[in-house]
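# A look at the structure
The primary structure of each chain is shown beneath.
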Amino acid sequence: MAYSSIDEQGDHMNKKYIEGYAKLVLAKGVNLRKGQSVMIKTGPGTYQFARELAKTAYRMGALHVEITLDDLDILAARLASQDAAQVQRSPSYARMIDYEMVSEDWAFIRIDSTEERLDHAPFDPESYARYQHAASIEHDTIQNKRMRHQLAWCVICAPGPRWAKQVLGDTATEDDLWDEIAPILLLDTQDPCKAWDDHDAIVKPRVAKLNGLGIRKLHFISPITDLKIGFRPEHVWKGGSKLLPDGRPNICNLPTEEIFTVPDMYDVEGHVTTTRPVPVMNTLTESVRFTFRKGQVVDCTAKQGMGVLERFLQIDAGSSRLGECALVDETSPIARSRKIFNSILFDENASCHLALGMGYPDSLANGGSLVSDEQLHQFGCNTSLNHTDFMVGSDDTDIVALCADGKEVRIMKNGRFCF
């Protein structure tokens with residue numbers, strides 16, 4: 001079936017937001033510079049928006065735009081048909097593409113697979129774990145560059161018919177979902193790019209406040225959570241835009257509400273319970289309770305998805321330790337919507353969250369000079385082939401900081417910043 005143009009699709013895409021969103025992703029997301037090339041990764045269900053991104057990128061001066069298709073239904077067929085050795089094989093040109101993107105400073109945009117997760121054959125968990133493990137090793141070099149913010153990248157979502165119905169109900173359309181997410185993405189403003197600059201101006205003072213406190217522990221308290229997380233003196237809180245090596249600011253997630261840092265992978269004690277559904281290895285989990293001792297998950301229970309969680313925690317040593325701690329105010333636009341979007345990108349920006357797996361080295365003051373796993377571990381930064389966010393915040397969550405000077409400072413009350 002031939003793909004139609006956006007003009008021909010009519011009801012399938014809300015044209016009044018498309019142009020502004022594409023410009024926002026390219027101008028603020030990856031901050032495309034003239035002559036730079038772009039890789040866009042998309043599923044079939046969001047291919048039309050990927051095309052619009054590509055055309056807009058060329059109008060903004062891109063040298064080359066490549067769209068790569070991530071079809072989960074085809075992947076399911078592969079996992080069902082191949083043995084363990086075959087599943088872990090990848091063609092040599094994949095490494096060449098990574099080398100090209102790193103050496104030529106390509107920007108990377110990934111459109112979340114919100115459509116494909118609702119329309120693919122079941123994955124065999126063991127086979128998928130092998131595939132994901134091999135892929136993580138295969139792309140380790142470029143992933144490390146992105147985790148250190150040495151390459152421009154941005155993760156986004158684009159509405160599709162299946163995702164619209166999942167979020168808003170069986171009668172909802174793509175246009176309805178565009179209307180729902182437009183205020184979250186600030187696309188309903190006169191100038192979305194300026195609106196995100198204004199948003200950045202709100203986030204940065206909070207970042208500065210957290211960095212000035214000298215936090216050594218955070219205590220998360222709610223009716224379902226009692227967790228203490230330690231932080232090394234070198235940890236740095238970040239949020240909003242980041243600076244690339246050449247000084248250009250970019251926003252890695254659109255939308256973004258979080259202020260985050262790297263916790264001490266060895267200093268986490270207590271229990272925490274997720275407050276929103278989380279897809280793990282493309283399987284939905286719900287009401288997950290993790291118990292930590294000396295930084296490691298020692299017990300896990302779940303209302304849904306226990307089998308995949310057991311497999312996830314065993315992928316490597318870092319999968320059972322924290323790599324990220326992120327604070328999100330419960331007054332964020334996504335939290336106010338009272339919607340479950342079933343997308344980590346959106347749902348993590350509705351709630352405080354913790355990530356199991358890889359930490360961000362650039363959240364350490366000296367992170368750029370730390371190369372090996374051993375060096376990162378010395379400063380408490382976790383390493384892993386995984387990085388999965390679990391939402392744990394709520395409007396009855398309090399967070400108290402123990403600071404280096406011995407003072408206790410309330411950071412959040414009822415899920416809201418106290419400053």
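Structure report, in brief. Values in this document were obtained by computation on a predicted structure and should not be read as measured data.

### Observations concerning the overall build of the chain
- Across its full length, the chain holds 15 helices and 20 strands.
- Relative to a compact globule of 419 residues, whose C-alpha radius of gyration would be 22 Å, the chain shows 21 Å and is just as compact.
- Buried positions account for 53% of the 419 residues belonging to the chain.
- Within the chain, contacts between residues separated by at least 24 positions form 75% of all contacts whose residues are at least 6 apart in sequence.
- Summed over all atoms, the accessible surface of the chain reaches about 17900 Å², with 50% contributed by carbon and sulfur.

### Comments concerning helix α12 (residues 306-313)
- Those residues of α12 that fall on the buried side of the exposure criterion are Val308, Leu309, Phe312 and Leu313. Looking straight down α12, one finds that the buried residues subtend no more than 130° of arc, so they occupy a single side.
- Its buried side turned inward, α12 meets β12 (278-280), β13 (283-293), β14 (296-304), β16 (353-357) and β17 (387-391).

### What to know about the packing of aromatic side chains
- Across all of its chains, the model carries 14 aromatic pairs by this definition.
- Every member of this aromatic cluster is reached through a ring pair, and the members are Phe290, Phe292, Phe312 and Phe390.
- Lying over the aromatic face of Phe419, Lys209 brings its terminal NZ or CZ to 5.8 Å of the ring centre.
- Here the guanidinium or amino end of Lys242 rests over the ring plane of Tyr360, the centre of that ring lying 5.3 Å away.

### What to know about the sheet that holds strand β15 (residues 322-327)
- Pairing is antiparallel across the open sheet formed by 5 strands, whose spatial order is β7-β10-β15-β16-β17. With one partner strand each, in any of the chains shown, β7 (238-239) and β17 form the two edges of the open sheet.
- Note that β7 and strand β10 (residues 259-261) share 2 bridges and pair antiparallel. In the sheet register, Gly239 faces β10, and the bridge partner there is Ile259.

### Here's the deal with the environment of Pro122
- Structurally, the position occupied by Pro122 is in the loop between β3 (107-111) and α7 (125-138).
- Overall, the relative accessible area of 74% leaves Pro122 in the exposed class.

Reading guide: rules and limits
- The residue count restarts for each chain, going from 1 along the sequence in the order it is written.
- Since the coordinates come from a predicted model, pLDDT governs what is reported: local features require at least 70, and pairs of side-chain atoms require 80 or more to be given and counted, while whole-chain, interface and lining totals use all residues.
- Computation of side-chain values covers all heavy atoms of the structure but excludes hydrogens and water.
- Helix and strand assignments follow DSSP, with helices taken as H or I runs no shorter than four residues and strands as E runs no shorter than two, numbered in order from the N terminus.
- Each radius of gyration is computed over the set of C-alpha atoms, and the globule rule expresses the reference value as 2.2 Å times the number of residues to the power 0.38.
- Only protein chains enter the calculation, and the probe is 1.4 Å; a residue is then buried if its accessible area is under 20% of its type maximum, exposed if over 50%, and partly exposed in between.
- Residues are treated as being in contact if the distance between any of their heavy atoms lies within 4.5 Å.
- In short, Shrake-Rupley with a 1.4 Å probe defines the accessible areas, and a residue's cover is counted only from the protein chains shown.
- Note that the arc is defined by the directions from the helix axis to the C-beta atoms.
- What counts as a ring pair is set by centres within 6.5 Å for rings of Phe, Tyr and Trp (its six-membered ring), and what kind of pair is set by the plane angle: stacked under 30 degrees, edge-to-face over 60, tilted for all other angles.
- Remark: a charge is flagged as sitting over a ring if the NZ atom of Lys or the CZ atom of Arg is within 6 Å of the ring centre and within 35 degrees of the ring normal.
- The pairing criterion is simple: DSSP has to find at least two bridges between the two strands.

Interpretation note: all reported values are geometric properties and have no functional meaning in isolation.
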